[in-house]
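Spelled out from the first residue to the last, the chains are:
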Amino acid sequence: AQKVTQAQTEISVVEKEDVTLDCVYETRDTTYYLFWYKQPPSGELVFLIRRNSFDEQNEISGRYSWNFQKSTSSFNFTITASQVVDSAVYFCALSEKNTNAGKSTFGDGTTLTVKP
Amino acid sequence: ETGVTQTPRHLVMGMTNKKSLKCEQHLGHNAMYWYKQSAKKPLELMFVYNFKEQTENNSVPSRFSPECPNSSHLFLHLHTLQPEDSALYLCASSQDFRVRAFFGQGTRLTVV
């Protein structure tokens, strides 16, 4: 069975602070995909990144960066110099290889509040 | 704007009502999904459709009845719901096993 744990339920930071959202996963599969989604108040899940289990390279996209550590089954997400617009619920998700891309196991989500 | 449109955005219904949620995508995707997002709970996958055929039903009560008339449209028919069914219902679509799913903005359902 797959499981995704986002231990941080809520995080509050002040604008321009860096913040890291933790994600720990469990799976018996050797090949899998990890995702991060952002859910603003409007409701839709906005795709941020997909990482293949064979690719442990860290990725940076603007103020966003992701640290994938297979040894600790973690896929953490860091926002540098946070902004008020980053306030949202962030979900980490896991899916098996060769399964529908939309069939994922989601974590409970972390609500990030960035205060001005 | 992800290309997946859900209507209505908000719905209030009584426990004896019958209503339907609609999801539409024109991205050419062949898979569509319904997810339920309740307060304080993770997203729960309800149904998966591939090429209009239901391939997954995650023990969803029969008061939720999905319908997929074609690859572009997905419905969720609701009848005799309970207050605990109040949630955000998200639709998503994807193409085969490719990169990721695209989500709609959801329908916020309140059962009174």
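Residues numbered from 1 in each chain as written. Chains lettered and ligands numbered in written order. Predicted model: local features only at pLDDT ≥ 70, side-chain atom pairs only at ≥ 80, totals over all residues. Heavy atoms only, no water.

A. Broad picture of the pairing of strand β5 (residues 44–50) of chain B. Residues and elements named next belong to chain B. Of all seven residues in β5, six are buried, a share of seventy percent or more. Relative to β5, strand β4 (residues 31–37) is paired through six bridges, and the arrangement is antiparallel. Considered in β5, the bridge of Trp 34 is made with Phe 47. Where β4 folds back on β5, the antiparallel hairpin that results is connected by six residues, among which Lys 40 adopts a positive phi of roughly 65 degrees. Two elements, β5 and strand β6 (residues 53–57), share four bridges in a ladder whose sense is antiparallel. Residue pairing for β6: Tyr 49 is matched across the bridge by Gln 54. Connecting β5 to the antiparallel partner β6 that follows it, the hairpin turn spans two residues, and Phe 51 within it adopts a positive phi of roughly 50 degrees. (Buried < 20%, exposed > 50% of the residue type's maximum accessible area, 1.4 Å probe, protein only. Helix = DSSP H or I, 4+ residues; strand = E, 2+ residues; numbered from the N terminus. Pairing = 2+ DSSP bridges.)

B. Expanded view of the pattern of salt bridges. Under the criterion given, the structure shown has six salt bridges over all chains. With its nearest N and O atoms 2.9 Å apart, the salt bridge here joins A:Asp55 to A:Arg51. For A:Arg51, a relative accessible area of 6% corresponds to the buried category. Residue B:Asp85 pairs with B:Arg63 through a salt bridge whose shortest N-O separation is 2.7 Å. (Salt bridge = Lys/Arg side-chain N within 4 Å of Asp/Glu carboxyl O.)

C. A look at the environment of A:Phe47. Looking at where A:Phe47 falls in the secondary structure, it is placed in strand β6 (residues 46–52). C-alpha of A:Phe47 to C-alpha of A:Asp86: the two residues are 39 residues apart in sequence and 14 Å apart in space.

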